[in-house]
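Analysis of the macromolecular model
Letter by letter, the chains look like this.
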Amino acid sequence: TTRKGGAIVLFGAFLRMQECIILNNIAASDGGGVLVTSGATLLAIKCSFVLNQALYGGGVAIAPGVSLQFHSCLFSQNEAISGGGIYAEFSNASFTDCIVTENKAEAGGGFYFSGGESNFLTLERCETSLNAGTNVGGGGMFVSGPNVIVIESSFVNNSATGSTFSVPQGDC
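The notes below deal with the structure included here. (Residues numbered from 1 in each chain as written. Predicted model: local features only at pLDDT ≥ 70, side-chain atom pairs only at ≥ 80, totals over all residues. Heavy atoms only, no water.)

1. Let's talk about the overall build of the chain
How we decide: Only DSSP runs of H or I with at least four residues qualify as helices, and only runs of E with at least two residues qualify as strands; both kinds are numbered from the N terminus onward. Burial here depends on accessible area, computed with a 1.4 Å probe over protein chains only, as a share of the maximum for the residue type. Under 20% is buried, over 50% is exposed, and the range in between is partly exposed. Whether two residues are in contact is decided by their heavy atoms, any of which lying within 4.5 Å being enough. Here Asp and Glu are counted as negative and Lys and Arg as positive; His is not counted, and neither are the chain ends. The location of each charge is read from NZ of Lys, CZ of Arg, CG of Asp or CD of Glu.
Counting secondary structure elements, the chain contains 0 helices and 23 strands. Its C-alpha atoms put the chain at 35 × 30 × 25 Å along the principal axes. For the chain, the residues scored as buried account for 50% of the 172 residues in total. Once local pairs closer than 6 in sequence are excluded, the contacts in the chain between residues at least 24 apart make up 81%. Looking at the chain, you have 6 positive and 12 negative side-chain charges, and the mean spots of the two groups are 9 Å apart.

Structural data, given as structure tokens:
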């Protein structure tokens, strides 16, 4: 168990990950699998983030000011207080052909995003299923603030004490 970034902490650098497995890591604070900090850029292709745990971002935690892209990635069976699969604050993130399944958090079982008017979250051809938001809600996704674009994606069999898809603004 580490304090931040159970497997990887990315600080002020560019990282391209391809066909990597981030499995069974624990962080006491942020990023059970990976923590991407300010000034860093991440491109993940065909990677799996599975069975990771943290307070924020069981699979991946994304700090403010970060831009990143995930292509054909799997986020599964991760756990956190916020953002079981993915947690991001004031960032820009793009997910294409990703599967987010069986993650668990009090807020945002699959995804947890918060930000401002200049922040964007894009999901394209993604499947979000069987995630759980156990307290605040957002079994599949909890979003507060950023602009959201969802294209040809599905939200299936997610559960929450609040709403399954909680987004104050955006397109779907």
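2. Side note on the sheet that holds strand β18 (residues 132–137)
Definition in use: A strand pair is defined by DSSP finding two or more bridges across the two strands.
Spatial ordering of the open sheet is given by β10-β14-β18-β22, a layout of 4 strands whose pairing is parallel. For this open sheet the edge positions go to β10 (79–82) and β22 (159–160), each flanked by a neighbour on one side alone. Bridge analysis of β10 against strand β14 (residues 104–107) gives 3 bridges, and the strand direction is parallel. Paired with serine 82 across the two strands is alanine 107, which belongs to β14.

3. Description of the pattern of salt bridges
Side chains that carry opposite charge are capable of pairing whenever their charged atoms lie near each other. The following threshold applies: What counts as a salt bridge is simple: a side-chain nitrogen of Lys or Arg found within 4 Å of a carboxyl oxygen of Asp or Glu.
What the rule picks out here adds up to 3 salt bridges. A salt bridge links aspartate 30 to lysine 4, with the nearest nitrogen and oxygen atoms 3.8 Å apart. With aspartate 30 in the loop between β3 (21–23) and β4 (34–36) and lysine 4 in the segment before β1 (8–10), this pair connects stretches of sequence that are 26 residues apart. The class of aspartate 30 is buried, set by a relative accessible area of 18%. One salt bridge connects arginine 125 with glutamate 124, and the closest N-O pair in it is separated by 3.0 Å.

4. What about the state of the cysteines?
Here is the rule we go by: Note on terminology: disulfide denotes any pair of cysteine sulfur atoms within 2.5 Å.
In the structure shown here, the tally under the stated rule is 0 disulfides. For cysteine 47, which is in no disulfide, the shortest distance to another cysteine sulfur is to cysteine 20 and amounts to 4.5 Å.

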